[in-house]
Amino acid sequence: MNMGGMSLSTLDLVAARVAKVSQEPLYDRILQHLSENKKYNMNAIPNEIKRIIPKGYNASREIKAVDVRVLKNCSDLFLELLGLYCNNKSYEPSNAKCSYSKSAQILKLSEREIDANCKKVCIAIDRAFCFLQVRCGVRSLADVNYKIMVRLIAYIFTNDKWYNSVAVHDKLEAWYWSAIFSGEYDKDQNDRYESNLKSMLESLSSSSKGYGWIKTLKDNVLEVPYFSECSFLLMEKAEEDRVPKEHLGKYFCQFYLSKPYSDLINDGRTVSVFSKQKLEKHHIVPLGSVTRIGESTDRLRADKTNIVNSPLNYVYITDTTNGEISDKSLKDYEDSITASAKAALNIINYPAVADLMDEAKVRKWLVERHKVIKGAIQNRVTNLLLT
């Protein structure tokens, strides 16, 4: 049927198979199921987020996984989750296999199995997107570097009982932050995913298992050599052509974005995962050699080894605030940061203007910030594990 044409994708082949038992195209069904209004577990949404969640909220649309069509990274997730769920509907830990999400296994599914589980899988994916937004500060699916983690969350949420449990949401969030900042998925992602999924299923299925494995991850938060340890984040390995990965700075920003906060210099303007304004990564401490904040931008972008490009030095602010800051002097900028923003973003003992010219003093401030952020992440995880 396809002689001389383009090679068919796994989704094309699955769609052709399910067409034997359903007249509605699979592509259209996936788009419809992801786009339609959902009932979310409002008890699992933090109160500060619940107050600002948009009317008629749909996570798949809000996280930009669908528009007039389903984006590829979302359709890939659909297939991966479909294969995993259909091969392990009983949530058996020993059967938590990454291979079930590969094309070879997906193509072994019967047309009736695909047809019967299409909606359930889509609902679980949308639930995972909601979780990422309301718990993890993710505005766009494109901002998720380790997409294999989304598959794990979505698989857990195919189980309605687990989805309706606030405690399960808490444990997933504890795992998420611990895994992100401990470098769990920095390498060998398939192996780590399989191990984490097995452990999560064991913990959820048996009260005797506990969550010690998440505590182990938590203990490694911001301590991993060549990933998140302090010296590495302060560019001390730059001479080896090793600098922090860009997405780590984004994850720091998302950690703070998971709770709404004042827009750095304006308490009347709130930054949140649902901010309508464009959000931009901002250097808390600018280059000390400039007279106005805006002058540092191009130089900072050009030099990835500069200490102020440390992921520890980033927060999200609105583009409006960024514009207002750009013409401020260093002194005016320092004076403009509000007390509430400093508290929410852990901006403690901000360097005096005179100290910004001294790299040793900026480094000392970033070392302290590393300790504070590490403590904030580990404290969040500890509290989530108590539920």
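The structure we're discussing is the one just above.
Now for a look at the structure at hand.

## A few points about the side chain of asparagine 58
- Locating asparagine 58 in the fold gives a position in the loop between α3 (47-50) and α4 (59-62).
- Here glutamate 36 takes part through its backbone oxygen, which lies 2.9 Å from a polar atom of the side chain of asparagine 58.
- Setting aside residues up to four positions removed in sequence, asparagine 58 forms contacts with Leu34, Ser35, Glu36, Lys38, Tyr40 and Asp126.

## What about the pairing of strand β4 (residues 314-318)?
- For β4, the buried fraction is high: 5 of the 5 residues fall into the buried class.
- Here β4 shows two buried faces, one formed by Tyr314, Tyr316 and Thr318 and the other by Val315 and Ile317.
- Here 5 bridges tie strand β3 (residues 279-283) to β4, and the two strands are oriented antiparallel to one another. Paired with histidine 283 across the bridge in β4 is tyrosine 314.

## Re the packing of helix α10 (residues 166-182) against helix α14 (residues 246-257)
- Relative to each other, α10 and α14 sit at 150°, their axes nearing to 11 Å. Relative to α14, the element α10 is oriented roughly antiparallel. Relative to α14, the crossing made by α10 is left-handed. For the pair formed by α10 and α14, the contact residues are Tyr176, Trp177, Ile180 and Phe181 on the first element and Leu248, Tyr251, Phe252, Gln254 and Phe255 on the second.
- Residues belonging to the contact of α10 with α14 are distributed by class as follows: 8 nonpolar, 1 polar and no charged.

## Considering the packing of aromatic side chains
- Applying the stated rule across the entire model yields 19 aromatic pairs.
- On the numbers, 6.3 Å between centres and 90° between planes, the contact of phenylalanine 181 with phenylalanine 255 is edge-to-face. Residue phenylalanine 181 is found in helix α10, and its partner phenylalanine 255 is found in helix α14; the two are separated by 74 residues along the sequence.
- Taken together, the ring pairs connect Tyr176, Trp177, Phe181, Phe252, Phe255 and Tyr256 into an aromatic cluster.
- For lysine 171, the ring lying beneath its charged end belongs to tyrosine 211, and the centroid distance is 5.5 Å.
- The ring of tyrosine 314 has lysine 281 lying over it, and the distance from NZ or CZ to the ring centre is 4.3 Å.

Basis of the calculations
- Residues numbered from 1 in each chain as written.
- Predicted model: local features only at pLDDT ≥ 70, side-chain atom pairs only at ≥ 80, totals over all residues.
- Heavy atoms only, no water.
- Helix = DSSP H or I, 4+ residues; strand = E, 2+ residues; numbered from the N terminus.
- Polar contact = N/O pair within 3.5 Å; in protein donor to acceptor, adjacent residues only side chain to side chain.
- Contact = heavy atoms within 4.5 Å.
- Buried < 20%, exposed > 50% of the residue type's maximum accessible area, 1.4 Å probe, protein only.
- Pairing = 2+ DSSP bridges.
- Axes fitted to C-alpha atoms, helices over the stretch in contact; angles between N-to-C directions.
- Parallel < 35°, antiparallel > 145°, perpendicular 65-115°, else oblique.
- Left-handed = near helix turned anticlockwise from the far one by under 90°.
- Nonpolar A, V, L, I, M, F, W, Y, C, P; charged D, E, K, R; others polar.
- Phe/Tyr/Trp six-rings, centres within 6.5 Å; stacked < 30°, edge-to-face > 60°.
- Lys NZ or Arg CZ within 6 Å of the ring centre and 35° of its normal.

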